[in-house]
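# Reading the structure
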Amino acid sequence: MPIQKNQFEKYQNINYPHRLIENREEEINKFRLTLPKNFTREDLANLLIPRIEVDGLVIVDGVDKLTINDIFGFQSVLGQTIVQGSLNKITNQTNHFEVKAVEDASVRGLTNQDQGMHVDGIYFHDERFPKLMTLFCSKQSKDGGESLFFDATIAYKKLEKCYPRGVQALLEEDLSMDLEMQGRHINRKVFTKNPDGSIEFFFSPFMKRLIGSPEAEKAYQMILGFSHNRNTQIKLKLKEGQLALCDNTRFLHGRCGFPKDQPRSLSRIWYTGISEYPINLGIKPF
Ligand SMILES: O=C(O)CCC(=O)C(=O)O
Ligand SMILES: [Fe+2]
């Protein structure tokens, strides 16, 4: 039975099912990386890549404040940036998308509201799908505006334990999904095995319809539930000059709302993950 739209809607508000617990400083510090002054691309490769592969999420800052040009410099290691907005009338094509509240927002990301857990770029059904996602904070609101992250490794492992048939279904089946954005339709697997045994994750609650076998649909709903569990989400507030870099084939992200009269601006940049420095992305269930 196709999942009805109203079953997804509750997940668009991150307050569901209840308020998240506050920052767990110690845990968050595990994800932090401070880049040295005048870092080189070798520094980047040596410092960033292992952290992306192991943790899947890195909160980067520099002993000198990072600038947007530094972030574009990451291309030599993280792969080319991907043009955004081409399917989206709200902006012109650009490889740097400014996330801030605007008056006539047609997507939730461009409001001051909560934004539910998602992966970016689900409407790109080809090599433009962003493997690495970064949010660089140039202006943070005083209140709210915290970022939320969820490592799908947790969902995969839970599912393996309590519903292995569901894992199998999501590994084998292309699910048929009607996306909310401009009537797009895609057929995709939720879990795709990479040659190295890691698993690429593809998931979004932002859709009108999902059709698969009963096992696949049930497993999908279970992942939705796991990803909104307050005990497993990572909640942190980016500071100006700080960057969140995550493996978009492994992590979901979202954000908490913030007051309308408090400006907040993040630069969203996507990388292909393909460069002369190989990066092993995805869920590593082993
Ligand atoms: O505003 C944020 O912190 C997140 C924005 C976001 O995830 C997006 O626009 O895709
Ligand atoms: Fe996003």
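Residues numbered from 1 in each chain as written. Chains lettered and ligands numbered in written order. Predicted model: local features only at pLDDT ≥ 70, side-chain atom pairs only at ≥ 80, totals over all residues.

### A closer look at the sheet that holds strand 3 (residues 97–99)
Strand order in the open sheet formed by six strands is 1-2-13-5-15-3, and the pairing between neighbours is mixed. Because the sheet does not close on itself, it has two edges, and the strands there are strand 1 (32–35) and strand 3. The average undirected angle you get between the axes of adjacent strands in this sheet is 25°. Taken strand by strand, helix 3 (residues 41–55) contacts strand 1, strand 2 (57–62) and strand 13 (243–247), and its axis lies near 150° from that of strand 2. (Pairing = 2+ DSSP bridges. Helix = DSSP H or I, 4+ residues; strand = E, 2+ residues; numbered from the N terminus. Axes fitted to C-alpha atoms, helices over the stretch in contact; angles between N-to-C directions. Contact = placed C-beta atoms within 7 Å.)

### Some remarks on the site of ligand 1
Neighbouring ligand 1 are the residues Val99, Gly109, Gln115, Asp120, Leu135, Ser147, His253, Arg255, Leu266 and Arg268. Sorting the residues of the shell around ligand 1 by element identifies strand 14 (251–255) and strand 15 (265–271) as the ones contributing at least two each. By residue class, the composition of the shell around ligand 1 is three nonpolar, four polar and three charged. (Near = placed C-beta within 6 Å. Nonpolar A, V, L, I, M, F, W, Y, C, P; charged D, E, K, R; others polar.)

### Re the packing of helix 6 (residues 152–162) against helix 8 (residues 214–227)
For the pair helix 6 and helix 8, interaxial distance at closest approach is 10 Å and the crossing angle is 130°. Put simply, helix 6 runs oblique to helix 8. In this structure, helix 6 crosses over helix 8, and the sense of that crossing is right-handed. Across the interface between the two elements, Ile154, Ala155, Lys158 and Leu159 of helix 6 pack against Ala219, Met222, Ile223, Phe226 and Ser227 of helix 8. Here the contact of helix 6 with helix 8 is built from residues that sort into seven nonpolar, one polar and one charged. (Parallel < 35°, antiparallel > 145°, perpendicular 65-115°, else oblique. Left-handed = near helix turned anticlockwise from the far one by under 90°.)

### Thoughts on the packing of helix 7 (residues 164–172) against helix 8
Running from amino to carboxyl end, helix 7 crosses helix 8 at an angle of 105°, the nearest separation of the two axes being 8 Å. Classified by the angle their axes make, helix 7 and helix 8 are roughly perpendicular. Across the interface between the two elements, Arg165, Gly166, Val167, Ala169 and Leu170 of helix 7 pack against Glu215, Ala216, Lys218, Ala219 and Met222 of helix 8. Here the contact of helix 7 with helix 8 is composed, by residue class, of six nonpolar, one polar and three charged.

### Re unusual backbone geometry
Only a minority of non-glycine residues have a phi that is not negative, and only a minority of peptide bonds are not trans. At Asn38, a residue that is not glycine, the phi angle is positive and equals roughly 50°. Of the residues examined, Asn38 has 9 C-beta atoms within 10 Å and is grouped as exposed. (Buried ≥ 20, exposed ≤ 12 C-beta atoms within 10 Å, placed from the backbone.)

### Quick notes on the environment of Ser106
Mapping Ser106 onto the fold places it in the loop between strand 3 and strand 4 (115–118). Separated by 75 residues in the primary sequence, Ser106 and Met181 place their C-alpha atoms 10.0 Å from one another.

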